[in-house]
Amino acid sequence: MERISSKTVYEGRIVDIRIEEFRYDDGETAEREIAVHPGAVGIVAHDGETLYLVRQPREAVGEPALLEVPAGKLDVEGETPLECAQRELGEEIGMKAASWSELKRFYTTPGFAQEEVTLYLATGLEEIPGHEPDPDERLELVRWPLADLDAAIEECADSKTLIGLLLLRQSLG
């Protein structure tokens, strides 16, 4: 397929909206509304005994305390996904990790959005001395027993977290 036109119709803080027209190999054309998003990261962080999650309000879906892995938007110019994940782990749960590995990259909603999430596994965790939570973020740190991973999966309704926790369960056997 070939993009034959693109027009930005809305510029927001989180997403921009474009109307794009595409031509397919058979000559047919289609117009699509596309949400342009810089991408995000999610971090599956554990120390062998405890899984570190957060609860936060997600107004778009009416959830006052959605259970999620620490995560964040790629919104710092020039920052790689790994650097973003390292920064977000520190900001959201006050930890740094000695070991990082990429678990999976995936599109959240490819029917209308460009957002791609990169999930990382972070281990060898260590608290950051003097870390203070950002007062503007409504985050609650959740220390979940790793032995009770299935209960976290059962409680979870967030896609990046479900993918990350299911991959963790698979890797732990």
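Asks: Let's hear about the packing of aromatic side chains: which residues, and what values?
Replies: The full count for this structure, using the stated rule, is one aromatic pair. Both rings, one in Trp 100 and one in Tyr 120, keep their centres 6.2 Å apart while their planes meet at 80 degrees; by these two values the pair is edge-to-face. Remark: Tyr 120 occurs in strand 9 (residues 116–127) and Trp 100 occurs in strand 8 (residues 95–107); sequence separation between them is 20 residues.

Asks: Before we move on, can you summarise the sheet that holds strand 3 (residues 29–36) with the specific residues and values?
Replies: Sheet strands line up and pair through hydrogen bonds in the backbone, either parallel or antiparallel. In space, the three strands of this open sheet follow the order 1-2-3, with antiparallel pairing throughout. Sheet topology places strand 1 (2–11) and strand 3 at the edges, where each strand pairs with a single neighbour. Between one strand and the next, the sheet's axes are offset by a mean angle of 20 degrees, whatever the strand orientation. Relative to strand 3, strand 2 (residues 16–23) runs antiparallel, the two sharing eight bridges.

Asks: Would you mind going over the pairing of strand 6 (residues 63–68) in detail, with residue names and values included?
Replies: Two elements, strand 5 (residues 50–58) and strand 6, share four bridges in a ladder whose sense is antiparallel. Along strand 6, the bridge assignment pairs Gln 56 with Leu 66. What sits between strand 5 and strand 6 in their antiparallel hairpin is a turn of four residues, with Gly 62 showing a positive phi close to 70 degrees.

Asks: Describe the nonpolar core, listing the residues and the values that go with them.
Replies: Ranked by internal contacts, the top residues of the largest apolar core, which has 15 residues, are Val 41, Ile 43, Ala 45, Leu 89, Ala 122 and Leu 125. Elements represented by at least two residues in this core include exactly strand 4 (40–46), strand 5, helix 1 (81–93), strand 8 and strand 9. Sorting elements by how many residues they give to this core places helix 1 first, with four residues. In this view, Val 41 contacts Pro 70, Ala 71, Gly 72, Leu 74, Pro 81, Cys 84, Ala 85, Val 117, Thr 118 and Tyr 120; residues no more than four positions away in its chain are not counted. Counting 14 residues, the second largest nonpolar core, distinct from the first, contains Val 44, Leu 51, Val 142 and Ile 153.

Asks: Give a description of the side chain of Glu 20 that names residues and reports values.
Replies: Residue placement: Glu 20 occurs in strand 2. Of the polar contacts made by the side chain of Glu 20, one reaches the side chain of Arg 3; its length is 2.7 Å. Only 2.6 Å separates the side chain of Glu 20 from the side chain of Arg 18, close enough to count as a polar contact. Other than its neighbours up to four places away in sequence, Glu 20 contacts Arg 3, Ser 5, Ser 6, Ala 30, Glu 31, Arg 32 and Ile 34.

Asks: A description of the pattern of salt bridges should follow, citing residues and the corresponding values.
Replies: Summed over the entire model, instances satisfying the criterion amount to 15 salt bridges. A salt bridge links Glu 155 to Arg 55; the nearest nitrogen and oxygen atoms lie 2.6 Å apart. Of the two residues, Glu 155 sits in helix 2 (residues 149–155) while Arg 55 sits in strand 5, which places them 100 residues apart along the sequence. Under the relative-accessibility criterion, Glu 155 is labelled partly exposed at 40%. Among the charged side chains, a salt-bridge network with shared partners connects Asp 75, Glu 79, Arg 87, Glu 88 and Glu 91.

Asks: So what about helix 3 (residues 159–172)? Which residues, and what values?
Replies: When the terminal C-alpha atoms of helix 3 are compared, their 20 Å separation across 14 residues agrees well with the 20 Å that a helix rising 1.5 Å per residue should span. Within the span of helix 3, buried status applies to Lys 160, Thr 161, Gly 164, Leu 165 and Leu 168. Along helix 3, the residues classed as buried sweep out an arc of 120 degrees about the axis, all on the same side. The positive-phi residue at the C-terminal boundary of helix 3 is Gly 173, with phi of around 85 degrees.

Analysis parameters
- Residues numbered from 1 in each chain as written.
- Predicted model: local features only at pLDDT ≥ 70, side-chain atom pairs only at ≥ 80, totals over all residues.
- Heavy atoms only, no water.
- Phe/Tyr/Trp six-rings, centres within 6.5 Å; stacked < 30°, edge-to-face > 60°.
- Helix = DSSP H or I, 4+ residues; strand = E, 2+ residues; numbered from the N terminus.
- Pairing = 2+ DSSP bridges.
- Axes fitted to C-alpha atoms, helices over the stretch in contact; angles between N-to-C directions.
- Core = buried A, V, L, I, M, F, W, Y, C linked by side-chain atoms within 4.5 Å.
- Buried < 20%, exposed > 50% of the residue type's maximum accessible area, 1.4 Å probe, protein only.
- Contact = heavy atoms within 4.5 Å.
- Polar contact = N/O pair within 3.5 Å; in protein donor to acceptor, adjacent residues only side chain to side chain.
- Salt bridge = Lys/Arg side-chain N within 4 Å of Asp/Glu carboxyl O.
- Expected span 1.5 Å × (residues − 1).
- Arc of directions from axis to C-beta.

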